[in-house]
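Observations on chain architecture
As a plain string of letters, each chain reads:
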Amino acid sequence: MLGTCLIGSSIIQRDVVTSTMDEARHLLESGGGEGTVVVAEKQIAGRGRFNRQWVTHEGQDLALSIILYPQTTQLPQINMAATLAVSNTVDKIGDLHSEIKWPNDVQVNGKKVAGILVESVGRKGNHNDMILGIGINVNADTSSNPELSSTSTSLAIENNRHNDRTEVLVSLIQNLDQLYQDVSDGLLLNDIWARKISTLGQNVKINTGDRIIEGLAKKVNVYGNLVVELQNGIETTVASGDVTLKLDK
Ligand code: BTN
């Protein structure tokens, strides 16, 4: 029993899809209710941020998307709720210590264990239709693939055991359900989110897609944006981007 209020009210399992994002979008367009979760065993065209490819190892990892209708004012909190829910699940089920690499990667020992993708589908009054996609590397062993293993990891690689994917999924849905309720009740997750962000206090280089920003990551603001102190001492705010740590100060 899930025992959740909203997330997981309906769980749809598919064997093969292009992407659970597409599947959830079709469901939303045909009236799928808020909280509907689509889980797939295999994605032919799994996608990540910046339209990158996302690989889900069949039978080993987790790929899911969730239909949400948050209030427009609460949109910045959704990414915080999702990254926190994933991070708490990795810690609890995997007995690990995960951190969040701003804005939406979950890492263990500096390597990516999960990614989150938020796609907005449209706006209805003061609500937004959105699809939240989550990919977690659960049991995949990517250690023989140098390209993948230098930046990504899995629960199994980190805790040296097989992890029950159903347990991971149930815990994730329960964590997200609680945090989503908190957000709907008006709670701001910024402070607990900031405590899990490994990027803060580091010298960073951020590729936003149209510019490169270098400086010291100081804090996150109420919108979840990163506040960076540039070399000239001026602070700038970044809404989204690809962060790398700068080791040379
Ligand atoms: C990222 O780190 O760039 C985000 C990765 C998001 C991957 C998940 S897997 C489930 C859902 N379906 C997709 O095609 N993408 C998301």
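Residues numbered from 1 in each chain as written. Predicted model: local features only at pLDDT ≥ 70, side-chain atom pairs only at ≥ 80, totals over all residues. Heavy atoms only, no water.

1. Side note on the overall build of the protein chain
For the record, the criterion: Under the DSSP-based scheme used, a helix requires at least four consecutive residues in state H or I and a strand at least two consecutive residues in state E, with every element numbered from the N terminus. A simple rule labels every residue: compare its accessible area, found with a 1.4 Å probe on the protein chains alone, to the largest value its type can have, and call it buried under 20%, exposed over 50%, or partly exposed in between. When checking whether two residues touch, look at their non-hydrogen atoms; a contact exists if any pair is within 4.5 Å. In this description, accessible areas are obtained by the Shrake-Rupley approach with a 1.4 Å probe, and a residue is regarded as covered only by the protein chains that are shown.
A count of helical and extended segments in the protein chain gives six helices and 12 strands. If you line up the protein chain on its principal axes, its C-alpha atoms span 50 × 50 × 30 Å. Burial analysis of the protein chain (249 residues in total) assigns 49% to the buried set. Put simply, 65% of the contacts in the protein chain that link residues at least 6 apart link residues at least 24 apart. Working note: accessible area of the protein chain is about 12000 Å², and carbon and sulfur atoms make up 48% of it.

2. A closer look at the environment of Leu-230
Mapped onto the elements of the fold, Leu-230 is located in the loop between strand S10 (226–229) and strand S11 (235–238). Note on Leu-230: relative accessible area 24%, which makes it partly exposed. Separated by 15 residues in sequence, Leu-230 and Gly-215 place their C-alpha atoms 4.5 Å apart. Sequence-distant contacts of Leu-230, that is, excluding residues within four places in its chain, are made with Ile-213, Glu-214, Gly-215 and Thr-236.

3. Description of the sheet that holds strand S6 (residues 111–124)
Strand pairing in a sheet relies on backbone hydrogen bonds, with the paired strands running either antiparallel or parallel. Quick note on the threshold: Whether two strands pair comes down to DSSP finding at least two bridges between them. Lines fitted to C-alpha atoms define the axes, with helix axes restricted to the stretch in contact, and inter-axis angles between N-to-C directions lie between 0 and 180 degrees.
The strand order across the open sheet formed by seven strands is S1-S2-S3-S7-S6-S5-S4, and the pairing between neighbours is mixed. The strands lining the two open edges of the sheet, one partner per strand, are strand S1 (11–17) and strand S4 (98–101). Going across the sheet, the axis of each strand differs from the next one's by a mean of 20 degrees, ignoring polarity. Sheet analysis places S6 next to strand S7 (residues 127–136), joined by 10 bridges and oriented antiparallel. Within S7, the position partnered with Ala-114 by the bridge is Ile-136. Of the strands in this sheet, strand S3 (62–68), S4, strand S5 (105–108), S6 and S7 touch helix H2 (residues 75–94), which is tilted by about 150 degrees from S6. Contacts from helix H5 (residues 165–184) reach S1, strand S2 (37–43), S3 and S7, with the element oriented near 25 degrees to S3.

4. Details of the site of the ligand
Rules: Residues are labelled near a given molecule or strand when at least one of their non-hydrogen atoms is within 4 Å of it. A 3.5 Å cut-off defines polar contacts: any pair of N or O atoms within that distance qualifies, except that in protein one atom must be a possible hydrogen donor and the other a possible acceptor, and neighbouring residues in sequence count only when both atoms are side-chain atoms. Using protein atoms alone on a 1 Å grid, points that fit a 1.4 Å probe yet trap it form a cavity, whereas open point sets bounded by protein on both sides within 12 Å along at least five of seven lines form a pocket; residues with an atom within 4 Å of a point count as lining. Think of it this way: a molecule belongs to a cavity or pocket when more than half its atoms come within 2 Å of the grid points there. All residues other than Ala, Val, Leu, Ile, Met, Phe, Trp, Tyr, Cys, Pro, Asp, Glu, Lys and Arg, Gly among them, are scored as polar; the first ten of these are nonpolar and the last four charged.
Lining the immediate surroundings of the ligand are 20 residues, of which Ser-19, Gln-43, Arg-47, Arg-49 and Lys-112 lie closest. Gln-43 has a polar side-chain atom sitting 2.8 Å from a nitrogen atom of the ligand. Between Arg-49 and the ligand, the recorded distance is 2.6 Å, taken from a backbone N or O atom to an oxygen atom. More than half of the atoms of the ligand fall within 2 Å of the grid points belonging to the largest pocket. The set of elements that each furnish at least two residues to the shell around the ligand consists of helix H1 (20–29), S3, S6 and S7. Considering each element in turn, the shell around the ligand owes the most residues, four residues, to S6. Its residues assigned to classes, the shell around the ligand shows seven nonpolar, nine polar and four charged.

5. Here's the deal with the side chain of Ser-198
Note that Ser-198 resides in the loop between helix H6 (190–195) and strand S8 (203–207). By relative accessible area, Ser-198 is classed as buried at 18%. Leaving out residues up to four positions away in the same chain, Ser-198 has contacts with Glu-99, Ile-100, Lys-101 and Gln-107.

6. Overview of the pattern of salt bridges
Short version of the rule: Whenever Lys or Arg places a side-chain nitrogen within 4 Å of a carboxyl oxygen from Asp or Glu, that contact is recorded as a salt bridge.
According to the stated counting rule, one finds 13 salt bridges in the structure shown. With a shortest N-O distance of 2.9 Å, Arg-47 and Glu-119 are connected by a salt bridge. You can see Arg-47 sitting in the loop between S2 and S3 and its partner Glu-119 sitting in strand S6, a full 72 residues away along the chain. Residue Arg-47 is classed as partly exposed on the basis of its relative accessible area of 23%. Salt-bridge contacts for Lys-124 lead to Asp-129; the nearest nitrogen and oxygen are separated by 2.8 Å. Exposure remark for Lys-124: the relative accessible area of 55% places this residue in the exposed category. Counted as one network, the salt bridges with shared partners bring together Asp-22, Arg-25, Arg-47 and Glu-119.

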